[in-house]
Amino acid sequence: MKRISTDMSNQDMQYHMRLREYRMNDLQNKMGEQKRIQRLRDDPIGAARAVQLESKIGRAQQFYKNVETVQGNLRIAETYLRSAVEIVQRVRELAVQGANDTYTKQDKQFMAEEINQLLNELVEIGNARLPDGSTIFSGDRIQTIPFRTLSGRVEGASSEVITQVDYIGSLARNEAEISEQSFIETSLPGGSILWAEQQQIFGERDATNFQVLEDASLFIDGKEIPLLAGDNISAVVAKINDAGLAVRANLDPVKNSLVLSSTVPHQLWVEDASGGTVLQDLGIITGHGKPPHNLSKEAVVSGGSIFDMVIYLRNALYKGDTVEIGGGALKGLDNGISNLLTSLTKLGAQDERLTTVANRIDYELPELQNQYAQETGLDLTSAIMELKMLEYTHKAALQTAARILPPTLLDYLR
Amino acid sequence: MQSTFSSLEAGKRSLLAHTQGMATLGHNLSNASTEGYSRQRVELKPTDPLYIPGLNRANTPGQIGQGVDVQSISRVRDELLESRIVSRANGQGYWEARDKYILMLEQVHNEPSENSVRTLLDKFWESWQELSLYPAEISHRKAVLERGNALMEGIHGRYNSLSEIREMAELEIQVTVERVNRLTSDIASLNEQIVKVKAMGDNPNDLLDRRDLLVKELSGLVNITVDTRDGDEYTIHTEGLHLVQGKVVTPLGLEIDINNDGFSKIIWQNRNEEADIKGGRLGALVQLRDGDIREEIQNLDLMSVHLIDLVNEIHTKGYGLNGETGQPFFVEYPFVVNRLGNYDGDGDGAFDSTYIFRVNGVNTLNPEDHLGIAGTMRIPGKTGLIEIPYYPTDTVKDVINRINNSGAEVGARLNTEGKLSLKATPSFQKENPDFVIRHLEDSGEFLAGYAGVLASSGEEGSFSWNEPDAILSFRGGEQSFQVAPLAHPSGWIEVNKTLLNNPAALAAGFGINGRPANAGDGNAALAIAGVRNQEVMIGFSKTFDQYFADSVASVGLKGETAARALETENLILKDLEDLRQSISGVNIDEELAQMIKFQHGYAAASRFITEVNKMLDTIINRMGV
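Numbering of residues starts from 1 in each chain and follows the order in which that chain's sequence is written. Just so you know, chain letters begin at A and ligand numbers begin at 1, following the order they were written in. The predicted nature of this model means local features are confined to residues of pLDDT at least 70 and side-chain atom pairs, given and counted, to a pLDDT of 80 or more, with totals for whole chains, interfaces and linings taken over all residues. The side-chain figures draw on all heavy atoms in the structure; neither hydrogens nor water molecules are used.

Focus on the domain arrangement of chain A
All names here are of chain A. As annotated, the domain borders come from an automatic or database domain assignment. Under the domain assignment, chain A is made up of domain 1 (53-179 + 305-364) and domain 2 (200-302). Of the residues lining the interface, 6 residues belong to domain 1; the matching set on domain 2 comes to 7 residues. A quick way to say it: buried area is the sum, across both parts, of accessible area lost when two parts are put together, with a 1.4 Å probe. When the area that domain 1 buries against domain 2 is broken down by residue, the three leading residues are Tyr167, Leu171 and Asn339, summing to 74%. Take a side-chain nitrogen of Lys or Arg and a carboxyl oxygen of Asp or Glu: if they are within 4 Å of each other, that pair is a salt bridge. The tally of links from domain 1 across to domain 2 stands at 0 salt bridges. Here a polar contact is taken to be a pair of N or O atoms separated by no more than 3.5 Å, where protein atoms must pair a possible hydrogen donor with a possible acceptor and residues adjacent in sequence count only if both atoms sit in side chains. On inspection of domain 1 and its partner domain 2, the count reaches 0 residue pairs in polar contact (both at pLDDT 80 or more). In the scheme used here, Gly and all other residues not listed as nonpolar or charged are polar, with Ala, Val, Leu, Ile, Met, Phe, Trp, Tyr, Cys and Pro taken as nonpolar and Asp, Glu, Lys and Arg as charged. Of the residues in the side of domain 1 that touches domain 2, the class split is 3 nonpolar, 3 polar and no charged. Only heavy atoms enter the contact rule, under which two residues are in contact if any of them lie within 4.5 Å.

Next up, the structure:
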């Protein structure tokens, strides 16, 4: 291409100038925003990675918040439970003292008074609340107190005292997500934690010829257990036992009736799914009401809460009945204390798990943020260098153009 | 015997020729910066000399030259180079249009930044997490609703931007078609004039230049080939059909296409057939409007549809603080109000199709179970049906993955109850509606008895959308299927007004055994927050995170390709242009030098005439006096 037309030099200069100006503008914008990826086309794969990283960072921060909240709540619950343990241990001391026949009836009544005060304190602990006003030990019924008291007269007491403590919270489990698809239990139902004895429900009806007539479900401790038409009582027992609950079912050897017992001390909640009548037909529940108040009058229920144990002990001391004190009451208290200690251990373990997760997120977050910055951040040094080079080239090109474009032959023709 | 005044003739001819030369030169100088101008040269040739062999030949030594004549005024240009430029201009037009629009699509994504739809969605999921920790709070419910509203605005905003871009493409198509028609009619009239001028033996240089310029512009708009084999008929073809033939033009026209959201399709006006323009600006615009931009909108719709479906599936089962249940979180507008999905597609008054978006199986499946049965499923793909086989040793998860990886326009997953859930995706072809399952068939028992989707196997038990009451082929009842949503869910997606008016109705817990959830029950909120991480199969992406990453990457890659291709085309075209300039461009210095030559020639000719005049003067005035 030996022949150069006048237009061509001009056009060439304009073309290259435009290219340079575009590059300079692009760099300026990137430097202004400190971003390497200004448009998706600058680095599509990098942008895709950056987008995923950013979402992950947001999630990690949310999980950290969750961990902090749950840990705070569980620690508060822990302090209350520790007080409860101290109280029940003091009651036990008094029980051991009272079992000793050397004390007079008057002395025993004084001890009963002390236990009465401790009982009131224990009920206060059971109904304790978190700073935001929700009750700690009521499962998911966090706007109502879990333990309802009935007062009345008891033989030997000088005034009205608490005669019965019912658990009116729920057994439902609540969870919080503390890591990708990883959950931790946050609910502390009083019907499990503040329970002392294994609960047992003895049905009274003979179940040898029992058969499920149509597909139905049972709800035990809130979990649904589906039954199929044609299941006999052994199948029902097997399905309950395989459900992974802290409940065991078996047949009473004498009466051939269904017996449900807890394997970890807690209040059993049983009901039929709407439309079914299996438990009703087996004589365990009436068809009305909701657990735990739906148990049939025929069924024999045993096993009580810590409150039941303390009330039993106190009433015995009021009456002055040494025999009652030494036997069942003490055993019940021991069970209650060991259950409380188990809960405390579990809380401790959960606290440890939460701390571990928090530490891990603490470590992970800066790493993720670092990766994100690497992916999207601009390397200022090289950007400035490039801008300087472009400026320099630009100046040189303009100067050269100014020298060669203007002169034509016209300037020299006379 | 030569004439006395013949030298004067020669001188006169020289003057005229040199004047012609100057005139052409002046023309060149004036047009030095005109676009598409090729420098013209005066071809001088000596006049026919005397004497040609014949009977009336004078008996003098010959041949005697008679001076100079202008043979022709012709353009200096390379025809082959011109046709190369025409074909490359096509590529440049295509990529220029594509680059511009894809840049707009990239900007709509607004990534990576804190103001994109993705970040709004992240904040939405976070608000559900917070609610799961504090399920009794009204303030947290309000936060969920606020974040939900912000997300709706984000999605609507993006949908509107994309629709606007599509409208812009449509307008540009209309304008470009008009321009094409104008260009072709201009070229045709030029053809007519050029033929007339050529018939006189002249070179219509400027007309030819103008025509070449128009042809180059036209080739940027549509892909054309020029045919100059027949000297009288200058023909331009596109896609094998005539666009211009001599002075006859086949104009393009526009017709509204109801299958395509009311946008127009390009037709040949006199033949009423669709014109399939593939290249050039027009081809790029059509591809963008019906391909890339439409896909972006479909992508957004896909996300919206899944968001609605997944959140509502959980929320309707949950209970609010006020004990209410069954409230959807997002409003659902079905395509047809008919509960069975029946629809009258051709407007003849009778139902002829069934529009179903999702169908669930009846049986609870375990993903790790081996099937123990074999068969082949036939499921709609991009074009036609895809056959998906399954074998006795496959697990349920294997079959689901096979369906999802097969490129079928149906996505499969196991929902929260463990049942097989089949959902339709947007359709590739414009004629098929988005989010409608078109066909389900299974030669074996997987879809029929095993998962409980179809009532029976084989062809008789298959589900097809182009018959009314097709839902009778399903095994489950009305609860198992969902009517297709109204077109473009991302345009109408909204939070349920009932919840906005009464935040206490927002569900956070599931409750037990049909009893309303207690105040502290946050399991439903937790389940909804968990939707974010689960493999919910949005089209081909497994989770929401992957969906966003995939869409960002795909648009970014398109943009990268377009930018590179445009740069390449620009460079190639520039090189060709430079070559053309080198051959046909005006160099002012050269012209000025030529001008000196002609000046001298003119001066010499006048001098010659003066001298001859003096000689004649001697004869006329002074001989024999």
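On we go from here.
Some thoughts on the pattern of salt bridges
What the rule picks out here adds up to 76 salt bridges over all chains. One salt bridge in this structure joins Arg23 of chain A and Glu386 of chain A, with 2.2 Å as the shortest N-O distance. Of this pair, Arg23 of chain A sits in helix α1 (residues 6-33) while Glu386 of chain A sits in helix α9 (residues 380-404), and the two are 363 residues apart along the sequence. Residue Arg173 of chain A is joined to Glu175 of chain A by a salt bridge in which the shortest nitrogen-to-oxygen separation is 3.3 Å. Salt bridges sharing partners connect three or more residues here, namely Arg75, Arg77, Glu79, Glu82, Asp209, Asp212 and Arg580 of chain B. In this description a helix means any DSSP run of H or I spanning at least four residues, a strand means any run of E spanning at least two, and both kinds are numbered starting from the N terminus.

Thoughts on the interface of chain A and chain B
The parts lose accessible area when they come together, and the size of an interface is often stated as this lost area. The partner chain B presents 64 residues to the 61 residues of chain A that form the contact. Taking both partners together, chain A and chain B bury about 5400 Å²; carbon and sulfur atoms supply 53% of that area. The largest per-residue losses of area from chain A upon contact with chain B belong to Arg3, Leu40 and Arg41 of chain A, which jointly make up 16% of the total buried on that side. Across the pair Lys65 of chain A and Glu130 of chain B runs a salt bridge whose closest N-O atoms are separated by 3.6 Å. Here chain A and chain B share 28 residue pairs in polar contact (both at pLDDT 80 or more) between them. The biggest single contributor to the side of chain A that touches chain B is helix α2 (residues 44-99) of chain A, with 17 residues. Here the side of chain A that touches chain B is built from residues that sort into 25 nonpolar, 17 polar and 19 charged.

Things to note about the confidence of the model for chain A
The share of residues in chain A with pLDDT of 70 or more is 99%, and the mean pLDDT across the chain is 88. pLDDT measures the predictor's confidence residue by residue and takes values from 0 up to 100. The least confident element of chain A, judged by mean pLDDT, is strand β11 (residues 300-302) of chain A at 80; the most confident is α2 of chain A at 92.

As for the sheet that holds strand β19 (residues 463-464) of chain B
Where strands meet in a sheet, backbone hydrogen bonds hold them as pairs that are either parallel or antiparallel. Residue and element names in this part refer to chain B. Taken together, the 4 strands give an open sheet; going across it, the order is β15-β14-β18-β19, and neighbouring strands pair in antiparallel fashion. Looking at the sheet topology across the chains shown, the edges are occupied by β15 (385-390) and β19. Here a strand pair is declared whenever DSSP counts at least two bridges between the two strands. The pairing of strand β14 (residues 375-380) with strand β18 (residues 439-442) spans 2 bridges and is antiparallel. When the bridges of β18 are listed, Arg378 appears paired with Glu441. Lines fitted to C-alpha atoms define the axes here, with helix axes fitted over just the stretch in contact, and angles between the N-to-C directions of these axes take values from 0 to 180 degrees. Helix α7 (residues 396-405) contacts β14 and β15 of the sheet and is inclined by roughly 160 degrees relative to β15.

Brief notes about helix α2 (residues 79-109) of chain B
Residues and elements named next belong to chain B. Between its terminal C-alpha atoms α2 stretches 46 Å, which fits the 45 Å expected from 31 residues at 1.5 Å a residue. Residue Asp78 occupies the N-cap position of α2, its side-chain oxygen lying 3.1 Å from the main-chain nitrogen of Leu80. Just downstream of α2 lies Asn110, where phi reads positive at about 60 degrees. What a helix should span is 1.5 Å times the count of its residues minus one.

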